[in-house]
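Structural characterization, general
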Amino acid sequence: MNEISYILGFIRAKNAEKRGYFRLKDYRAFTELASKYFKLSVKLVGKYPMIYFSKKELDKLEENTKIDYAQYIAGIIDAKAYINPKKRIIRISGKKNFLDETKKLLEKLEIPARIRKLGKYQCLEIEGLFRCSLVYKRIPCRIKKDKIKKCLEYQIYGGSE
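Residues numbered from 1 in each chain as written. Predicted model: local features only at pLDDT ≥ 70, side-chain atom pairs only at ≥ 80, totals over all residues. Heavy atoms only, no water.

One open sheet holds the four strands; their spatial order is 4-5-7-6, and the pairing between them is antiparallel. Two strands close off the open sheet at either side, each with one partner strand: strand 4 (82–84) and strand 6 (114–118). Averaged over all pairs of adjacent strands, the angle between their axes in this sheet comes to 30 degrees, without regard to strand direction. Relative to strand 5 (residues 89–93), strand 4 is paired through three bridges, and the arrangement is antiparallel. (Pairing = 2+ DSSP bridges. Helix = DSSP H or I, 4+ residues; strand = E, 2+ residues; numbered from the N terminus. Axes fitted to C-alpha atoms, helices over the stretch in contact; angles between N-to-C directions.)

Next comes the structure, spelled out in structure tokens:
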């Protein structure tokens, strides 16, 4: 069930649950995991492959799953987060309702975050050593785990050489 929550979070972050498809550069790990639960097809369209899936199958899967918040957030972070180890920041951009939903789920996991406006865009930010360490400990990311770990290892006055 944990894997299903991760998949649902990933698809939600890609804003694809209504469309039935999304682009993904490094698609192999995700498609291996998701194909255990529903049928996927991958087609090369332009620079990055398109992942297609049945919206009906996804809805059925969602109805029969109790969401694991940590796994759901892990899917969102792996799909959409920008991580800057030097500034110790995890940033997720998106529409206001998506960011509000994500922030509420983070609060349930006791991870503080804020929604900020950057020009005409909005983003959710998890900033600082302590908050990044909470994400590293509480959210089981698969793709971006190493990058989050770098946030914890990076020295304030530059990396060791």
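Having put the structure on the table, let's press on.
Quick look at the sheet that holds strand 2 (residues 40–45) now. Working definition: the strands of a sheet are paired by backbone hydrogen bonds and lie parallel or antiparallel to each other. Read across the sheet, three strands follow the order 1-3-2 without closing on themselves; strand pairing throughout is antiparallel. Of all strands in the sheet, those bounded by a partner on one side alone are strand 1 (21–23) and strand 2. Between one strand and the next, the sheet's axes are offset by a mean angle of 25 degrees, whatever the strand orientation. Sheet topology places strand 2 next to strand 3 (residues 48–53); six bridges connect them, and they run antiparallel. What sits directly across from K43, in strand 3, is M50.

Evaluated as defined, the whole model comprises seven aromatic pairs. Ring geometry for F10 and F30: centres 4.4 Å apart, planes at 20 degrees, overall stacked. Of this pair, F10 sits in helix 1 (residues 2–13) while F30 sits in helix 2 (residues 28–34); the two residues are 20 residues apart in sequence, bridging distant segments of the chain. Taken together, a centroid distance of 5.7 Å and an interplanar angle of 70 degrees make the contact between F22 and F30 edge-to-face. (Phe/Tyr/Trp six-rings, centres within 6.5 Å; stacked < 30°, edge-to-face > 60°.)

Below, the discussion takes up the nonpolar core. Counting residues in hydrophobic clusters, the biggest one holds 47 residues, and the most contacted among them are I11, F22, F38, I77 and I139. In this structure I77 touches I92, V135, I139, C141, K144 and I148, once residues within four positions along its chain are discounted. (Core = buried A, V, L, I, M, F, W, Y, C linked by side-chain atoms within 4.5 Å. Buried < 20%, exposed > 50% of the residue type's maximum accessible area, 1.4 Å probe, protein only. Contact = heavy atoms within 4.5 Å.)

A word on unusual backbone geometry. Unlike most non-glycine residues, N15 shows phi in positive territory, near 55 degrees. Among the structural elements, N15 can be located in the loop between helix 1 and strand 1. Overall, N15 belongs to the partly exposed group, its relative accessible area being 36%.

With respect to the element layout, K66 can be found in the loop between helix 3 (55–63) and helix 4 (69–80). The spacing of K66 and N2 is 64 residues in sequence and 9.0 Å in space, taken between C-alpha atoms.

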